[in-house]
Every structure is written in structure tokens, then in C-alpha cells.
Amino acid sequence: LRREIAACHEELLESAGSINDLDGQLGEAGAIVSALKGSVSRVRGDVLSPFQEVKRKAELLERMQAVNVLIRKLLRFLFDARKLRTQMDAPGKDFSKAAQTLHELELVLQESSLEKVDVLRAEVLWIRETGGRVRRQAEDDLRTGVRQGNQIVLSVALQVFFNLHCFWPQLKKLLIELLEELKQAPLPMGQGFHQALEVNLQVLVAQTQRV
């Protein structure tokens, strides 16, 4: 072994020198890597930090805008709700105007989540009940106006459904009911029947022309 070592002494010394050179090169590479890491950290601080700040402010602005829209809807909802109560409590109720206000309130409820607000649940429940009451009253007035030939009652009922944006479905429902009644009962004869029928048809045509 000693003879082999002695024979390869020069080669071993050269190899040892190469190892020292490699160790030096590895040290330099480590220094370069550390410098690159430092540069990346600085770039991240110079670029990503402002970007994150802009993103945070943009999200905050978006939430503020959403809150602003919700507040405006809430104020409009409360204004229309007071308006509807005034219209429904008036001695001579104008159901056509109440129907218009009711439709605006129902649109707000459809487009927002105000029903989930605890302080508004009682108000929303009252609006729902009022909507049902107005519709039932208009349906009764519609039938009464047609059967009695009362143009005023018939016109108001039709206006209510027009303002509620359900004019055509209600008119179709009424015509179906009238056809069923005519099928089950003989047609009354005489001048009075024909005059009443003509008046009702004129009122219906005049109202449908507004749609």
C-alpha cells in the first residue's frame, strides 16, 4: 500500500488540489445563490407588496360600494313601505296607487336579501300579506265589475293588475272563468245583457291598449 501511495503521490496531490479548487467554486456558487435570494426578496418587496396593497384597497372599495348600494335600497325600501302604509290606511283607498308601490317593494325584495335583515322581517311579512290582500280584492272587484257592468270597479281592478305587472295572466284567468260560466248557464237574453257585455268589452279593450 505504501509503495502504491508513493507511486501515485503526485496524482494524489493534484487530486487534493482539485478538491480544494472545487470547494472554492462551491463557496462562490453559494454566495451567488445567496445574492440571488436577496435580489428576489427585494423584487418581492418592491413589486408584490404594493400589488397586495392595491388589491386589498380594491376589495375594500368593492365592499364599500356594495354597502352603499344596499343602504340606498334600504332607504328606498323604508320610504316605499311608509308610503304603502299611508295608502292602505287612507279612508278612501286607491288600490291602483298602492299596487304600484307594492310592485316596487316586491322588486326590491326579489333583487336583494333584505328579508334576511332581522329588523325588517315584520315589515316584509306585512308587505307580503298586503300584497295578497290587494290581489284578492282586485280579483273580487274584477269579477264584480264584469258581472254587474260597473265600469269604475272594473277599471280600478284592471289598473291594479296592470300596476302589479300581472295584467295579462289575470285577464286570461277572468276570460276562462267567464267562458266556464257561459258553458254552465244559459245566456240571458235582452237589451240589458247586450249593453252590459258591450260596455265591459269596451273597458277591457281600452285597458289592454295601455299595455
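Quick summary incoming for the structure in this document. (Residues numbered from 1 in each chain as written. Predicted model: local features only at pLDDT ≥ 70, side-chain atom pairs only at ≥ 80, totals over all residues. Heavy atoms only, no water.)

### Observations regarding the overall build of the protein chain
Quick reminder of the rule: Strands are runs of DSSP state E lasting at least two residues, helices are runs of H or I lasting at least four, and both sets are numbered from the N terminus onward. Note on definitions: a residue-residue contact is assigned when non-hydrogen atoms from the two residues lie within 4.5 Å. Note on areas: these come from Shrake-Rupley sampling with a 1.4 Å probe, and a residue is covered only by the protein chains present in the view.
Looking only at helices and strands, one finds seven helices and zero strands in the protein chain. Here the analysis covers contacts within the protein chain between residues at least 6 apart in sequence; of these, 68% occur between residues at least 24 apart. Here the protein chain has roughly 15200 Å² of accessible surface; of this, 60% comes from carbon and sulfur atoms.

### Examining the packing of helix α3 (residues 95–111) against helix α5 (residues 151–163)
What describes two packed helices is the angle between their axes and the distance between those same axes. Which entries qualify depends on this criterion: Interaxial angle, 0 to 180 degrees, is taken between N-to-C directions of lines fitted to C-alpha atoms, where a helix line uses only the stretch in contact. Oblique is the label for every angle not falling under 35 degrees (roughly parallel), over 145 degrees (roughly antiparallel), or within 65 to 115 degrees (roughly perpendicular). Polar here means any residue outside two lists: the nonpolar Ala, Val, Leu, Ile, Met, Phe, Trp, Tyr, Cys and Pro, and the charged Asp, Glu, Lys and Arg; Gly therefore counts as polar.
One can describe the packing of α3 onto α5 by two numbers: an axis separation of 8 Å at closest approach and a directional angle of 10 degrees. Here α5 runs roughly parallel to α3, going by the angle between their axes. Between α3 and α5, the residues in contact are F95, S96, K97, A99, Q100 and H103 and Q159, V160 and N163, respectively. Residues belonging to the contact of α3 with α5 are distributed by class as follows: three nonpolar, five polar and one charged.

### Considerations on the packing of aromatic side chains
Going by this rule: Pairing of aromatic rings covers Phe, Tyr and Trp, the last counted by its six-membered ring, and requires centre-to-centre distances within 6.5 Å; plane angles under 30 degrees mean stacked, over 60 mean edge-to-face, and any other angle means tilted. Partly exposed residues are those whose accessible area sits between 20% and 50% of the maximum for their type, while under 20% is buried and over 50% is exposed, using a 1.4 Å probe and protein chains only. Think of it as a cone above the ring: NZ of Lys or CZ of Arg counts as a charge over the ring if it is within 6 Å of the ring centre and within 35 degrees of the ring normal.
For the coordinates displayed, the defined rule picks out two aromatic pairs. Judged by centre distance (6.3 Å) and plane angle (80 degrees), the rings of F162 and F167 are edge-to-face. Since its relative accessible area comes to 5%, F167 is described here as buried. Between F167 and W168, the aromatic rings sit 5.4 Å apart at their centres with planes inclined by 85 degrees, giving edge-to-face as the arrangement. Of note, R85 hangs over the ring of W126, and the distance from its end group to the ring centre comes to 4.0 Å.

### What to know about the nonpolar core
Note the cut-off: In plain words, nonpolar cores are sets of buried Ala, Val, Leu, Ile, Met, Phe, Trp, Tyr and Cys residues tied together by side-chain atoms within 4.5 Å.
Formed by 30 residues in total, the largest nonpolar core has its most connected members in F77, L84, M88, I127, L142 and V160. Counting only elements with at least two residues in this core, the list comes to α2 (9–89), α3, α4 (121–148), α5 and α6 (167–184). Once residues within four sequence positions are removed from consideration, L84 is found in contact with A98, T101, L102, L105, W126 and T130.

### Comments concerning the pattern of salt bridges
Inclusion rule: Take a side-chain nitrogen of Lys or Arg and a carboxyl oxygen of Asp or Glu: if they are within 4 Å of each other, that pair is a salt bridge.
Inspection of the entire model under this criterion finds 10 salt bridges. Measuring nitrogen to oxygen at the nearest pair gives 3.6 Å for the salt bridge that ties E104 to R76. Taken together, the residues E104 in helix α3 and R76 in helix α2 connect sequence positions 28 residues apart. Judged by its relative accessible area of 42%, R76 falls in the partly exposed class. R85 is the partner of E123 in a salt bridge, and the nearest nitrogen-oxygen pair spans 3.2 Å. Taken as a pair, E123 in helix α4 and R85 in helix α2 lie far apart in primary sequence, 38 residues in all. Shared partners join several salt bridges into a network, and the residues in it are E53, R56 and K57.

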